[in-house]
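One letter stands for each residue in the lines below.
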Amino acid sequence: MTHPTGSLPAAYFEALYAADPDPWRFRDSAYEAGKYAATLAALERPRYGRVLEVGCSIGVLTKQLAGRCDRCWRSTARPAPSRRRGAIAGLCPASPWRSARCRGSGRAPATT
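Residues numbered from 1 in each chain as written. Predicted model: local features only at pLDDT ≥ 70, side-chain atom pairs only at ≥ 80, totals over all residues. Heavy atoms only, no water.

Asks: I tried to follow the pattern of salt bridges on my own but got confused; where do I start?
Replies: A side chain of one charge can pair with a side chain of the opposite charge if their charged atoms are brought near each other. Under the criterion given, the structure shown has three salt bridges. Across the pair D20 and R25 runs a salt bridge whose closest N-O atoms are separated by 2.9 Å. Of the charged contacts, one joins D70 and R47 as a salt bridge, the two residues approaching to 3.3 Å between their closest N and O atoms. Of this pair, D70 sits in strand β2 (residues 69-75) while R47 sits in the loop between α2 (30-42) and β1 (48-54), placing them 23 residues apart in sequence. For D70, a relative accessible area of 43% gives the class partly exposed. Owing to a relative accessible area of 37%, R47 belongs among the partly exposed residues under this scheme. (Salt bridge = Lys/Arg side-chain N within 4 Å of Asp/Glu carboxyl O. Helix = DSSP H or I, 4+ residues; strand = E, 2+ residues; numbered from the N terminus. Buried < 20%, exposed > 50% of the residue type's maximum accessible area, 1.4 Å probe, protein only.)

Asks: Honestly, the packing of aromatic side chains in this entry has me stumped. Any pointers?
Replies: Any aromatic ring pair is given by two values, namely how distant the centres are and how the planes are angled relative to each other. A full pass over the atoms with the stated rule returns four aromatic pairs. Aromatic side chains F13 and W24 sit 6.5 Å apart centroid to centroid with 35 degrees between the ring planes, which places their arrangement in the tilted category. Separated by 11 residues along the polypeptide, F13 in helix α1 (residues 10-19) and W24 in the loop between α1 and α2 bring together distant segments of the chain. A residue is classified by how much of its surface remains accessible, and W24, at 40% relative accessible area, is partly exposed. (Phe/Tyr/Trp six-rings, centres within 6.5 Å; stacked < 30°, edge-to-face > 60°.)

Asks: Looking at this structure, how should I read the confidence of the model for the protein?
Replies: Should pLDDT be low for a region, the predicted coordinates there are not to be read in detail. In this model, the protein carries an average pLDDT of 75, and 63% of its residues clear a pLDDT of 70 or more. The secondary-structure element of the protein with the lowest mean pLDDT is strand β3 (residues 100-101), recorded at 45, while α2 shows the highest, at 97. Confidence over residues 93-112 falls short of pLDDT 50; this stretch has 51 contacts with residues more than four positions distant or in other chains. (pLDDT = per-residue confidence, 0-100. Contact = heavy atoms within 4.5 Å.)

Okay, structure coming up:
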């Protein structure tokens, strides 16, 4: 199987997260904290009905977004990182290959 230029196989990320549940230091990096703060500051309203974070990894930003919305969904191509001791463990059930509803009532949006 070939991969497009610049793409890494899924096994690479599985091994990376198996060795370190937070390999990019999303939880404690000042750089990442600054990005999260800038993202939240860019939101025009203090509260939203629904939020979707695509590419949530271990869910540090997802957890912050969940506090500002009625319903929060997350999506990641490889669900293993968010299943393992992520910031959203217990807040959002992991659901392989589709979005999972974080909180609120109702159904998660349909995905294909």
